[in-house]
Amino acid sequence: MFTLYSKGNSPRQIERVVRLLEDGGVIILPTDTVYAYCCHALKERAVERICKLRNIDPRQHPLSILCSDLSQVSDFCRISNAAFKFLRRNLPGAFTFILPATGRLPKAFHAGSRREVGIRMPKNQILREIIESLGAPLMTASLPIEDREPECRLVPELVEEEYGGQVDLVVDGGEGHEGHSTIVSCIADEPEVLREGDGELQY
């Protein structure tokens, strides 16, 4: 396990994580809520590895990426002017916005007939520092609930004990909290809330 903080991390510490991601590694990172599997979103085998770990069929469920800013979002999604203004009012925050994916993402993101991707822009400073240093989005999937105690997704030591053997690194970023993002589809002209969560929309 490797410890990072919300501020004061050395470039060498961040670089260690970035190099592992660039090499196609899968890392468990803190998010705005629970800990999550993460990888470089453009490393196809790493994306497929997370799908296997989480038993995700991308033909049925859009995959999600974490972006540093709206400029990066626009590199990987098609965004109308109205949707751009809507996202700007709400991000960063506890939201997953479903948008049409461009062809820049690996084929797993295009497995579904609708070619959609979930977009998140975290407030978590550790995540933001890693994404900005990487210069690319992260593919992400929250740790599973299954029959485990909720603390296994929240407490770094328990995360390491339960999931550390599945991944290349667990980053201790402090204790998380149980919750989930508000999911909003921005495919049609008007936003549609698909799941209520921690995020409260500003229209």
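Residues numbered from 1 in each chain as written. Predicted model: local features only at pLDDT ≥ 70, side-chain atom pairs only at ≥ 80, totals over all residues. Heavy atoms only, no water.

**Comments concerning the sheet that holds strand S8 (residues 169–172)**
Alright, step 1. With mixed pairing, 10 strands are arranged side by side in an open sheet as S1-S8-S2-S3-S7-S4-S6-S5-S9-S10. Two strands bound the open sheet, and with one partner strand each, they are strand S1 (2–3) and strand S10 (192–195).
Alright, step 2. Sitting on the sheet, helix H5 (residues 125–134) touches strand S2 (27–29), strand S3 (36–40), strand S4 (64–66) and strand S7 (138–142), and the angle it makes with S7 is about 150°. (Pairing = 2+ DSSP bridges. Helix = DSSP H or I, 4+ residues; strand = E, 2+ residues; numbered from the N terminus. Contact = heavy atoms within 4.5 Å. Axes fitted to C-alpha atoms, helices over the stretch in contact; angles between N-to-C directions.)

**Topic: the nonpolar core**
Alright, step 1. Ile 28, Val 73, Leu 87, Phe 97 and Met 139 are the most contacted members of the largest nonpolar core, which totals 41 residues.
Alright, step 2. Elements with a contribution of two residues or more to this core: S3, helix H2 (44–54), helix H3 (70–76), helix H4 (81–90), strand S5 (95–100), strand S6 (116–120), S7 and helix H6 (156–163).
Alright, step 3. Per-element accounting of this core gives the leading share, 4 residues, to H2.
Alright, step 4. When residues no more than four places from it in sequence are discounted, the contact partners of Phe 97 are Phe 86, Leu 87, Asn 90, Leu 91, Val 117, Gly 118, Ile 119, Val 184, Cys 186 and Leu 201.
Alright, step 5. Formed by 19 residues, the second largest nonpolar core is a distinct cluster that contains Val 18, Leu 21, Leu 29 and Leu 134. (Core = buried A, V, L, I, M, F, W, Y, C linked by side-chain atoms within 4.5 Å. Buried < 20%, exposed > 50% of the residue type's maximum accessible area, 1.4 Å probe, protein only.)

**Focus: the environment of Ser 64**
Alright, step 1. Within the fold, Ser 64 resides in strand S4.
Alright, step 2. Exposure remark for Ser 64: the relative accessible area of 16% places this residue in the buried category.
Alright, step 3. Separated by 57 residues in sequence, Ser 64 and Lys 7 have C-alpha atoms that sit 26 Å apart.
Alright, step 4. Contact partners of Ser 64, with chain neighbours within four places excluded, come to Thr 96, Gly 118, Leu 138, Met 139 and Thr 140.

**Thoughts on the packing of aromatic side chains**
The geometry of two aromatic rings is summed up by the distance between their centres and the angle between their planes.
Alright, step 1. On inspection of all chains with the given rule, the structure shows 4 aromatic pairs.
Alright, step 2. With a centroid separation of 6.4 Å and 85° between ring planes, the pair formed by Tyr 37 and Tyr 163 is classed as edge-to-face. Taken as a pair, Tyr 37 in strand S3 and Tyr 163 in helix H6 lie far apart in primary sequence, 126 residues in all.
Alright, step 3. The class for Tyr 37 is buried, based on a relative accessible area of 0%.
Alright, step 4. Summarising the aromatic geometry, the rings of Phe 86 and Phe 97 are spaced 5.7 Å apart at their centres and angled 80° between planes, so their arrangement reads as edge-to-face. Residue Phe 86 is found in helix H4, and its partner Phe 97 is found in strand S5; the two are separated by 11 residues along the sequence.
Alright, step 5. For Phe 97, a relative accessible area of 0% puts it in the buried group.
Alright, step 6. Grouped by ring-pair contacts, the aromatic residues Phe 86, Phe 95, Phe 97 and Tyr 203 constitute a single cluster. (Phe/Tyr/Trp six-rings, centres within 6.5 Å; stacked < 30°, edge-to-face > 60°.)

**Quick look at the pattern of salt bridges**
Alright, step 1. For the coordinates displayed, the defined rule picks out 3 salt bridges.
Alright, step 2. The salt bridge involving Asp 168 is made with Arg 49; its shortest N-O contact spans 2.9 Å. Residue Asp 168 is found in the loop between H6 and S8, and its partner Arg 49 is found in helix H2; the two are separated by 119 residues along the sequence.
Alright, step 3. The class for Asp 168 is partly exposed, based on a relative accessible area of 41%.
Alright, step 4. Close ionic contact of Asp 57 with Arg 59 constitutes a salt bridge, the shortest N to O distance being 3.0 Å.
Alright, step 5. Given the relative accessible area of 25%, Asp 57 is considered partly exposed. (Salt bridge = Lys/Arg side-chain N within 4 Å of Asp/Glu carboxyl O.)

**Things to note about H6**
Alright, step 1. Those residues of H6 not exposed but buried are Pro 156, Val 159 and Tyr 163. One side of H6 holds all its buried residues, which, seen down the axis, span an arc of 60°.
Alright, step 2. Buried residues along H6 sit in contact with S2, S3 and S8. (Arc of directions from axis to C-beta.)

**Considering the pairing of S6**
Alright, step 1. Within S6, 5 of the 5 residues are buried, which leaves the element mostly enclosed by the surrounding structure.
Alright, step 2. Side chains of S6 alternate between two faces, with Glu 116, Gly 118 and Arg 120 and Val 117 and Ile 119 buried alike.
Alright, step 3. Across 3 bridges, the pairing between S4 and S6 is parallel. Directly across from Ser 64, in S6, lies its bridge partner Gly 118.
Alright, step 4. Relative to S6, S5 runs antiparallel, the two sharing 4 bridges.

These figures come from the coordinates and say nothing about function on their own.
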